[in-house]
Amino acid sequence: MSDLVKRSLSLSGHRTSVALEPEFWTVLDAMAAVRQQSFASLVASLDAARPPERPLASALRVAALIHLQKHVQTSG
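Each value, and the rule that gives it
- Residues numbered from 1 in each chain as written.
- Predicted model: local features only at pLDDT ≥ 70, side-chain atom pairs only at ≥ 80, totals over all residues.
- Heavy atoms only, no water.
- Axes fitted to C-alpha atoms, helices over the stretch in contact; angles between N-to-C directions.
- Helix = DSSP H or I, 4+ residues; strand = E, 2+ residues; numbered from the N terminus.
- Left-handed = near helix turned anticlockwise from the far one by under 90°.
- Contact = heavy atoms within 4.5 Å.
- UniProt positions renumbered as here; feature names shortened; annotations may be inferred.
- Buried < 20%, exposed > 50% of the residue type's maximum accessible area, 1.4 Å probe, protein only.
- Pairing = 2+ DSSP bridges.
- Core = buried A, V, L, I, M, F, W, Y, C linked by side-chain atoms within 4.5 Å.

An unreviewed UniProt entry annotates the chain as Ribbon-helix-helix domain-containing protein of Gluconobacter sphaericus NBRC 12467.

Draft legend 1. Structural view of the packing of helix α1 (residues 22–34) against helix α3 (residues 56–75). Packing of α1 against α3 brings their axes to within 9 Å, and their N-to-C directions diverge by 65 degrees. Relative to α3, α1 is oriented so that their crossing is left-handed. Between α1 and α3, the residues in contact are F24, W25, V27, L28, M31 and V34 and L60, R61, A63, A64, H67 and L68, respectively.

Draft legend 2. Fine view of the UniProt feature "domain: Ribbon-helix-helix" (unreviewed entry) in the chain. Summarizing the sequence annotation, UniProt attributes the feature "domain: Ribbon-helix-helix" (unreviewed entry) to residues 5–67 in the numbering used throughout. With 57% helix and 22% strand, the stretch residues 5–67 has end C-alpha atoms that lie 20 Å from each other.

Draft legend 3. Structural context of the environment of A30. Locating A30 in the fold gives a position in helix α1. Taking relative accessible area as the criterion, A30 reaches 35% and is therefore assigned partly exposed. Expressed as a C-alpha distance, the spacing of A30 and H67, which sit 37 residues apart in the sequence, is 9.4 Å.

Draft legend 4. View of the pairing of strand β2 (residues 14–20). With seven bridges connecting them, strand β1 (residues 5–11) and β2 associate as antiparallel partners. Bridge pairing links L9 to T16 in β2. Turn length for the β1-β2 hairpin, with the two strands adjacent in sequence and antiparallel, is two residues, and the turn residue S12 shows positive phi of about 55 degrees.

Draft legend 5. Summary view of the nonpolar core. With 17 residues, the main nonpolar core has W25, L28 and L60 as its most contacted residues. Those elements that place two or more of their residues in this core are β1, β2, α1, α2 (39–49) and α3. Among the elements that line this core, the one with the most residues is α1, at five residues. When residues no more than four places from it in sequence are discounted, the contact partners of L28 are L20, F39, L42, L46, L60 and A64.

The following block contains the structure:
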């Protein structure tokens, strides 16, 4: 795996940063494009839907994985 890449953004009016592998950022960027929403909007919706005990980085990785699984199911 590649080194982590950190991105900073605002969630609920607070600045935060998240570090993920570049491959996850690529999938999350694609998810935002497919959903026709900004990257910030996508992350905000995923943040709002995650269980409070799940870290944001983990929630983003799981969302990317689910997105890819759905893509594989529909194309296969």
